Every structure is written in C-alpha cells, then in structure tokens.
Amino acid sequence: MTVQGFFSAKANAAAQAYAMPRIAVIGRGFSGMMIAIALMKTVRNPFHLQLFDPNSSVSGGQALASGHSSEILNSRVRDLSVSAGDPDDFNEWLCGNAPFRSAVPAAIPGFQQIFVPKSIFSDYVYQRFSEAFASRRDVTVQVSGEMVTGLRRLRGSCFLVESEGAANAPFDMVVLATGYGIADQESQSGESVNIPTAVRARRLVSRPHTVLLGSGLRVVDTLLQMRDGGYAGQITIVSRRGFLPQSHTRNNAEPVFPADRMPNQLSEIIRFIRRACEDAEANGQSWQSVMNGLRKHARSLWRALPAGQKQRFNRHLRALYDSHRNRLPEALHVRLKQELAEGNTLLRRGHFIRRTPTGLTLRPAGQQEIEQLYADEVIDCRCQAPDLDAPLLRKLIDAGLAVPDELGLGLAVEATGALAVDGRTTDGIFAIGPLGLGSLPDIDLVPEIVTQAYAAAETMAERFHPQCKAV
Ligand SMILES: Cc1cc2nc3c(=O)[nH]c(=O)nc-3n(C[C@H](O)[C@H](O)[C@H](O)COP(=O)(O)OP(=O)(O)OC[C@H]3O[C@@H](n4cnc5c(N)ncnc54)[C@H](O)[C@@H]3O)c2cc1C
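Presented here is a report on the structure given in the accompanying data block. Fair warning: this is a prediction, and the values are worked out from it, not measured in the lab. (Residues numbered from 1 in each chain as written. Predicted model: local features only at pLDDT ≥ 70, side-chain atom pairs only at ≥ 80, totals over all residues. Heavy atoms only, no water.)

Quick look at the sheet that holds strand E14 (residues 418–421)
Turning to step 1, where the next piece is worked out: Overall, mixed pairing links the six strands, which are arranged E3-E2-E1-E6-E15-E14 in an open sheet. Lying at the two open borders of the sheet, with one neighbouring strand each, are strand E3 (139–144) and E14. For this sheet, the mean inter-axis angle between neighbouring strands, taken without regard to orientation, is 30 degrees.
Turning to step 2, where the next piece is worked out: With four bridges joining them, strand E1 (residues 22–26) and strand E6 (residues 173–176) adopt parallel strand pairing. Following the sheet pairing, Ala24 is matched in E6 by Val174.
Turning to step 3, where the next piece is worked out: Packing of helix H14 (residues 446–462) onto the sheet brings it into contact with E1, E6 and strand E15 (424–431), and relative to E15 it is tilted by some 120 degrees. (Pairing = 2+ DSSP bridges. Helix = DSSP H or I, 4+ residues; strand = E, 2+ residues; numbered from the N terminus. Axes fitted to C-alpha atoms, helices over the stretch in contact; angles between N-to-C directions. Contact = heavy atoms within 4.5 Å.)

Structural data, given as structure tokens:
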C-alpha cells in the first residue's frame, strides 16, 4: 500500500504546518508507525508530523511486513495490541474483520491465543494509523520518501533534518525509528526469498545447495519459504552457537515467575531461572510461562547488572536467550524439526569467516582449521544490530547528541526512548525500537515498542511549546 495516495487529499493542509509544532519521524517501519499513532492519540495540541523513509510502503516494517501470506508472526494476538491500556484491541479488530472471521471460525469467540500472518497485523497497524489520523483535523502529516543523512541542532532547541531531497524546515522534535537500517529493495518487495543478501557461486556440487547464515526467526522464515516455493536442494544453516528458535506452547502460557528475591550476579540469575523453569514443568506449567514472566523483570535485572556482566551475557548467553524468547508457533516448530530430521536441512555450528566465489569459509565449532563449504547460494539471515556507522547515526554521535550504549548494540536511551548522553537527556530527540536494544531488553519486540512509543508521546506532549517555524 503506498502512502502518497493516502496523503494527497491532505497535502495542502501541510500549509497549516506553519506555527504548529513540527515533529520528524525517521523510519516508517513498525516503530515509526507506532510513534505516529501514539502521538496522534496522546498529544492534544495541533502538530505537524513528517515521516521520512525511502521505502515507499507503509507496512509494519521489514520484519513484520511480508509479501508471503504464509509468513506467520511469532507472537500471539494477545501480545500485539497497538492501543495503550486496551490489550484486546487487536483481537477485537480481528473479530470485526468478516473475511478473517469466516476463514478462522474455530477460534470464535476470541482470537487472543492464535498466531496470524504478518500481512494481517500490518493491515491492522495501518488501519489504526489511518483512524487516528482521520480523527485529528488539527494534525497534518507529510510523507517524505527520502533517506535522512544527518541531524543537526540549530540555535535554541530546533533540529535540521538533512535528507537527500529538498531542504526541510526545522523541527521541534525528532524521533529516530530507523530499526535495522535501510532494507534492500528485493526483500521489501517480497518478490524473492533471497533475503537479505545472497551471492551466487559457481556450481561445484551435483545437487543444489544453499547456505543460510544465522539461527533466528529470519533463518526459519527463509528456510520454510524456500521449501514452500518448491526448493528441493540441500540447505545448510550455519550458526555460531547453533541455537534455533524454540517452540511456543500449544495453549496459552500465562506468565509466571517466582516471588523470591532475584540474585544480582549473572551466573546466579541463570541458575535461578533454570530452577524456576524446572519447578514450573514439575507443577504442570511450562518453561515458556517462566520466560514470559521473566520479561516483566528483564528491565530491572538488566539495569542492575554491571557492564562487565552485560558484556558476558551478550557474548555467551544472548543467542540462548533469544532462542527461548523469540519462539515459533508450534506448527512451524514441528516443520523445522521435521526438516532437520529428514536430513535435507543441516545445522552446522561454526563461525562464518567470508564468502568465496564457490560458497564460503567457516571455522567449525571446536576446531582450529578453516573449512571451505561449497554452495550455489549463501543467504545472510543474521539479525544485524543497527549500524552505528550509518551516516545519520555517525553524525549524531560525532555531534555529541547521542552515544552508543555500553555494548555498542545501538544508542543509549531511557525507557521513554529519550537519548541519554553521559547521564543527561538529549532534549527533543527520541529513539524508538531496536536502536535501544543495548539499553532496554526486548525493545525490539512489539509489546515493548508499543509501551515505549506511548511513553515517548507522553513526554513529548509535556514539552509542547513550538519554537521552530516552517520557513
Ligand atoms: C523475521 C522477524 C520476525 C519477527 N517477528 C516478531 C513477532 O512475531 N513479534 C514481535 O513482537 N516482534 C517480532 N519481530 C521483531 C520486531 O517486530 C521488530 O524489531 C520491529 O518490527 C522493528 O521495527 P522498526 O520499525 O523499528 O524497524 P524496521 O522494520 O527495520 O524499520 C526501519 C525503517 O527505517 C527506515 N530507515 C532506516 N534508516 C533510515 C534513514 N536514515 N532515513 C530514513 N529512513 C530510514 C528503513 O527503510 C525501514 O523502513 C520480528 C523480527 C524479525 C527479524
């Protein structure tokens, strides 16, 4: 769905942007759409919103939008509401959606526990965005199809957004929602399963062979899409730690967590969580319930950990943690296990070194020798942290407006997304979503992004004194 058409009717209203506070949102993925919704529902004063992104579609972002109707979200409907204080909003939207209801009759009266295709969630987000916009005659929205290359603070507290196109008028506030960076066009269009970066090699083996790098949800999505698309060749998954996503439970896994005081050393925390999982299983509950319960404590736990222990967690435990928090719907997990059991898909633990004209080189786990792996194609499915050397982020850091978090995974942010520099808040700039992953655990997931977007919108509402006039 392109946004230009949607906004053309209101294009002239942009003139009203004079004298209104001006907010720039950089990135129109899920985080960008979410902050736009939160602002329109939270800020009572009129304002002008400008949404920058070279990707022309409004679709929930590269992770959540998919051209493949078969791609299922890994979160249950109950965890995907975009409405603050109304966790049932997505379920209600589905109940009111006649085509969906007739396709999934068994789930009536409610869909809270089911998993739905990404495209349906994307439609829901877009509709809530459209409704929020339609209900605000005093808000103007402008869509800019440009990549933002820099951000400068002007005199006073205004910001100049530097983009590839015409000069922009100054902004009062800026929200960075750049997530995983600029996605390649092929993966955005959903035309090909060769996401995100693939290289073709000279054919040296008799049977087609594809290597997938990584071990997270992207790997599973890509593997199953390839099989759905008829690919019958050999697939090798090369993963450093070898942890593939675990399974959700068939039924609801309500969060549980021991009430006992949590230890504050990483090794003791791990023992504590292991024991909690064992106790839950022994009591007829599931370890998944404990992981769901852990999410409620993750932020305070993370805050209390010394930097050295955070680094240890990142080096040795993050992959294991990710495989337990980013879970697959049971049916997809069964398919993954079948794939591996049948032998047409192999999981190899090892360190990817480089691509070669005939495939790649890797160092298998526990070995010193480097191995050459022949493949027709190598597809990089690793979930990359935000690139702090991207021009926009680099300029922000160089100007002292932002600093990398202590793990170098993204920018240092507060819970509201406000940028934190040496213990102080950078007034007027916020970063929503995965950019804050080194500061806030799970901030790459929908429920946490929703909470953060409303918290940012509340903070912005309190500071609503326009100073930057359009020129
Ligand atoms: C395969 C996969 C499945 C997932 N499934 C789930 C799930 O089931 N449940 C869940 O809760 N979470 C899930 N997640 C995680 C979560 O949904 C994502 O973290 C979230 O969608 C991130 O959205 P975003 O808008 O911050 O980032 P992105 O989707 O990366 O969007 C960022 C946007 O910013 C734009 N941009 C970047 N740089 C610039 C610039 N300089 N100027 C202008 N525009 C720019 C890009 O073009 C892009 O459109 C999944 C993630 C993956 C990878």
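Quick word on the pairing of strand E5 (residues 159–163)
Within a regular strand, the side chains alternate between the two sheet faces.
Turning to step 1, where the next piece is worked out: Among the five residues of E5, four are classified as buried, and the element is accordingly described as predominantly covered.
Turning to step 2, where the next piece is worked out: Counting the residues that bridge the hairpin from strand E4 (residues 148–153) to E5 gives five residues, and of these Gly156 lies at a positive phi of roughly 75 degrees. (Buried < 20%, exposed > 50% of the residue type's maximum accessible area, 1.4 Å probe, protein only.)

Some words on the packing of aromatic side chains
Turning to step 1, where the next piece is worked out: Scanning the entire structure with this criterion turns up 12 aromatic pairs.
Turning to step 2, where the next piece is worked out: Chaining the aromatic ring pairs together yields one cluster made of Phe30, Phe90, Trp93, Phe121 and Tyr124.
Turning to step 3, where the next piece is worked out: In this structure, Arg22 packs its charged tip against the face of Phe171, placed 4.5 Å from the ring centre.
Turning to step 4, where the next piece is worked out: Here the basic side chain of Arg218 rests over the ring of Tyr180, its NZ or CZ set 5.4 Å away from the ring centre. (Phe/Tyr/Trp six-rings, centres within 6.5 Å; stacked < 30°, edge-to-face > 60°. Lys NZ or Arg CZ within 6 Å of the ring centre and 35° of its normal.)

Topic: the pairing of E4
Turning to step 1, where the next piece is worked out: With five bridges connecting them, E4 and E5 associate as antiparallel partners. Looking across to E5, one finds that Val148 is bridged to Ser163.

Observations concerning the site of the ligand
Turning to step 1, where the next piece is worked out: Near the ligand, the surroundings consist of 34 residues, among which Ser31, Asp53, Asn74, Ser75 and Asp444 are the closest.
Turning to step 2, where the next piece is worked out: A distance of 3.0 Å separates an oxygen atom of the ligand from a polar atom in the backbone of Phe30.
Turning to step 3, where the next piece is worked out: Calculation on the ligand without its partners gives an accessible area of 1000 Å², and the protein chains cover 96% of this total.
Turning to step 4, where the next piece is worked out: At the level of secondary structure, the elements contributing two or more residues to the shell around the ligand comprise helix H2 (30–42), helix H3 (61–64), helix H8 (217–228) and H14.
Turning to step 5, where the next piece is worked out: A per-class count over the shell around the ligand returns 18 nonpolar, 10 polar and six charged.
Turning to step 6, where the next piece is worked out: Composition of the shell around the ligand by domain shows at least three residues from each of domain 1 (3–73 + 117–181 + 386–462) and domain 2 (185–246 + 327–380). (Near = heavy atom within 4 Å. Polar contact = N/O pair within 3.5 Å; in protein donor to acceptor, adjacent residues only side chain to side chain. Areas by Shrake-Rupley, 256 points an atom, 1.4 Å probe, with all protein chains shown as cover. Nonpolar A, V, L, I, M, F, W, Y, C, P; charged D, E, K, R; others polar. Domains from an automatic or database assignment.)

Things to note about a positive patch on the surface
Turning to step 1, where the next piece is worked out: Together, Arg240, Arg241, Arg349 and Arg363 line one region of the surface with positive charge.
Turning to step 2, where the next piece is worked out: Along the chain, Arg240 turns up in the loop between strand E9 (234–239) and helix H9 (266–282).
Turning to step 3, where the next piece is worked out: For Arg240, a relative accessible area of 52% translates into the label exposed. (Patch = residues over 30% accessible without salt bridge, like charges linked within 9 Å, V, L, I, M, F, W, Y side chains within 5 Å. Salt bridge = Lys/Arg side-chain N within 4 Å of Asp/Glu carboxyl O. Lys, Arg positive; Asp, Glu negative; His and termini not counted. Charge placed at Lys NZ, Arg CZ, Asp CG, Glu CD.)

Quick look at H2
Turning to step 1, where the next piece is worked out: Compared with an ideal rise of 1.5 Å per residue, which puts 13 residues at 18 Å, H2 spans 18 Å between its outermost C-alpha atoms and is within 8% of the ideal.
Turning to step 2, where the next piece is worked out: Every buried residue of H2 is accounted for by Phe30, Ser31, Gly32, Met33, Met34, Ile35, Ala36, Ile37, Ala38, Leu39, Met40 and Thr42. (Expected span 1.5 Å × (residues − 1).)

Comments concerning the environment of Arg325
Turning to step 1, where the next piece is worked out: Mapped onto the fold, Arg325 is located in helix H11 (residues 307–325).
Turning to step 2, where the next piece is worked out: Accessibility expressed as a relative area gives 10% for Arg325, which makes it buried.
Turning to step 3, where the next piece is worked out: Arg325 has contacts with Asp442, Asp444 and Leu445, leaving out every residue within four places of it along the chain.
Turning to step 4, where the next piece is worked out: A distance of 2.9 Å separates the side chain of Arg325 from the side chain of Asp322, its partner in a polar contact.

Remarks on the side chain of Asp442
Turning to step 1, where the next piece is worked out: Locating Asp442 in the fold gives a position in the loop between E15 and H14.
Turning to step 2, where the next piece is worked out: Apart from residues no more than four positions distant in its own chain, Asp442 is found in contact with Arg295, Ala298, Tyr321, Arg325, Leu437 and Glu448.

Things to note about the pattern of salt bridges
Turning to step 1, where the next piece is worked out: Counted according to the given criterion, the structure contains 21 salt bridges.
Turning to step 2, where the next piece is worked out: Taking the shortest distance from any N to any O, the salt bridge between Lys118 and Asp221 comes out at 2.9 Å. Of the two residues, Lys118 sits in helix H6 (residues 118–134) while Asp221 sits in helix H8, which places them 103 residues apart along the sequence. Accessibility classification places Lys118 together with Asp221 in one group, the buried group.
Turning to step 3, where the next piece is worked out: Residues Asp427 and Arg463 are paired through a salt bridge, measuring 2.8 Å at the closest nitrogen-oxygen approach. Placement of Asp427 in strand E15 and of Arg463 in the segment after H14 is noted, with a sequence separation of 36 residues between them.
Turning to step 4, where the next piece is worked out: Given a relative accessible area of 41%, Asp427 falls into the partly exposed group.
Turning to step 5, where the next piece is worked out: According to the relative accessible area criterion, Arg463 is partly exposed, its value standing at 29%.
Turning to step 6, where the next piece is worked out: One salt-bridge network, in which partners are shared between bridges, spans Arg295, Asp322, Arg325, Asp442, Asp444 and Glu448.

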